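# Remarks on the overall topology
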Amino acid sequence: MDRSDKPRVVLGVSGGIAAYKACEVLRRLTESGHDVRVVPTASALRFVGEPTWAALSGHPVATGVWEDVQEVPHVRIGQEADLVVVAPATADILARAAHGLADDLLTNTLLTARCPVVFAPAMHTEMWEHPATVENVATLRRRGAVVVEPAVGRLTGKDTGKGRLPEPGEIFEVCRRVLARGTGGERDLAGRHVVVSAGGTREPLDPVRFLGNRSSGRQGYALARTAVARGARVTLVAANTALPDPAGADVVRVGTAVQLREAVLKAAADADAVVMAAAVADFRPARYAQGKIKKRDGQEPEPVELVRNPDVLAELSSTRPRPGQVVVGFAAETDDVLVNGRAKLARKGCDLLVVNEVGEEKTFGSTENEAVVLGADGSETPVPHGPKEALADTVWDEVAHRLNAG
Ligand code: CTP
């Protein structure tokens, strides 16, 4: 591919210790066929030097507006970009971007760019939670920028908390998805809060055993990632998954159906949409043995008595924690898929039900899916066999349509 055919990405790097992780974001972007121009701030260069960015990107690197002035880089770089991603984005660059300052090459680029813009913030928890930063982030999101939620974990020094830069591979995934939607693919979930449940609950019998299911969580994670790329603030309630946290989503980990209900209802209080992609156990053991259940010679095993779990989807649908909230369910069926799907949609009372056919070899753990999205209004949207992301985007199309109509 000729350089001119490649999608053009501007990688803005601001001055935080996580700047070294941006080298990996850069490497992933260039290796997957993007033409990347790195625009560090002056303080970013104190963490990672100019030769590193130039060598990895194959382009000269400037931070100010006074180099190569005849080429008008302060305007051209932004105008020509297909995507601008700022990683790490410090509290300072978020503030300067939100207020439209233009005191270096990166802020000039942000003002002249008409393409999608992604910020991947990294800072200490106190700075992230400060009302100034909260308002700046809200301003940037309102204008259509994708500001991914920082990850929770070890920060510089001894403290831990929210503020870590998400993993470079995950930031790259956000970029890839935002680019795939293109400039025309508006951030139609910007300013929205969505909740997605994913994975499968485990209902413990004793300290080492549980009743569980084969859900991998991949469909829920695809829903979370695509919602981030469409500009939403995302809460992902993950039940027993072993997948990397999607960049930009607030991940709440749960084990049982009861814990999942609590986490989903809490997050749903101010959510515009809730998508229940998790496989929630309908029953749990009536009793939990504090010690490991032992086999006894010559004795038959004790039967396992089960009790009903709360139905989170039905509860959400009937209570609607926030007026106008769109509630989406998933149904895995083995036969009479459409008939059973319609009946379940009515029974649960949700707005949309994604019905897919499952079997031992189908769907679980796979990266592909095939489904029909049924609407309570009678709509029926088939989604051909394809990546779980494509199904996720169809679900968000339907959700965005209903939110915008409401
Ligand atoms: N669900 C839920 N709470 C439960 C069980 C299921 O919120 N206790 C949600 C799932 O997340 C999914 C939808 O309900 O979105 C469909 O789940 P399913 O188990 O297929 O529905 P059931 O009503 O249990 O139907 P079936 O009789 O086929 O098991």
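Residues numbered from 1 in each chain as written. Predicted model: local features only at pLDDT ≥ 70, side-chain atom pairs only at ≥ 80, totals over all residues. Heavy atoms only, no water.

Under an unreviewed UniProt entry, the name given to the chain is Coenzyme A biosynthesis bifunctional protein CoaBC, and the organism recorded is Streptomyces taklimakanensis.

The side chains of a regular strand alternate between the sheet's two faces. Of the two faces of strand β13 (residues 273-276), both are covered, the one formed by Ala273 and Val275 as well as the one formed by Val274 and Met276. The pairing of strand β8 (residues 193-199) with β13 spans four bridges and is parallel. Across the sheet, residue valine 195 finds its bridge partner in β13, namely valine 274. Bridge count between β13 and strand β16 (residues 326-333): four bridges; the pairing is parallel. Within the sheet, the bridge partner assigned to valine 275 lies in β16 and is valine 328. (Buried < 20%, exposed > 50% of the residue type's maximum accessible area, 1.4 Å probe, protein only. Helix = DSSP H or I, 4+ residues; strand = E, 2+ residues; numbered from the N terminus. Pairing = 2+ DSSP bridges.)

With that settled, the discussion passes to the pattern of salt bridges. Two side chains that carry opposite charge are able to pair once their charged atoms sit near each other. Here the structure, examined in full by the defined rule, presents 32 salt bridges. Residue aspartate 272 pairs with arginine 322 through a salt bridge whose shortest N-O separation is 3.5 Å. Of this pair, aspartate 272 sits in the loop between α11 (257-268) and β13 while arginine 322 is found in the loop between α12 (312-319) and β16, placing the two residues 50 residues apart along the sequence. Bridged by salt links that share partners, the residues Glu24, Arg27, Arg28 and Glu31 form one connected network. (Salt bridge = Lys/Arg side-chain N within 4 Å of Asp/Glu carboxyl O.)

On to a positive patch on the surface. Taken together, the side chains of Lys292, Lys294, Lys295 and Arg296 define a basic patch exposed on the protein surface. One can find arginine 296 in the loop between β14 (283-285) and β15 (306-308). Here arginine 296 falls in the exposed class, since its relative accessible area comes to 52%. (Patch = residues over 30% accessible without salt bridge, like charges linked within 9 Å, V, L, I, M, F, W, Y side chains within 5 Å. Areas by Shrake-Rupley, 256 points an atom, 1.4 Å probe, with all protein chains shown as cover. Lys, Arg positive; Asp, Glu negative; His and termini not counted. Charge placed at Lys NZ, Arg CZ, Asp CG, Glu CD.)

Let us now look at the packing of helix α10 (residues 218-229) against helix α14 (residues 388-405). Look at α10 against α14: their axes get within 8 Å of each other, and the N-to-C directions meet at 60°. Here α10 lies oblique to α14, going by the angle between them. Judged by the twist between their axes, the crossing of α10 over α14 is right-handed. Judged by residue contacts, Arg218, Gln219, Ala222, Leu223, Thr226 and Ala227 of α10 engage Lys388, Glu389, Leu391, Ala392, Asp393, Val395 and Trp396 from α14. Taken together, the residues of the contact of α10 with α14 break down into seven nonpolar, two polar and four charged. (Axes fitted to C-alpha atoms, helices over the stretch in contact; angles between N-to-C directions. Parallel < 35°, antiparallel > 145°, perpendicular 65-115°, else oblique. Left-handed = near helix turned anticlockwise from the far one by under 90°. Contact = heavy atoms within 4.5 Å. Nonpolar A, V, L, I, M, F, W, Y, C, P; charged D, E, K, R; others polar.)

Moving on to α10. Under the 1.5 Å per step criterion, the end-to-end length of α10 is 17 Å for 12 residues, consistent within 8% with the ideal 16 Å. Burial within α10 is extensive, with 11 of its 12 residues counted as buried. If you check which residues of α10 are buried, you get Gln219, Gly220, Tyr221, Ala222, Leu223, Ala224, Arg225, Thr226, Ala227, Val228 and Ala229. Where α10 ends, the next residue or the one after it, glycine 231, has phi of about 95°, a positive value. (Expected span 1.5 Å × (residues − 1).)

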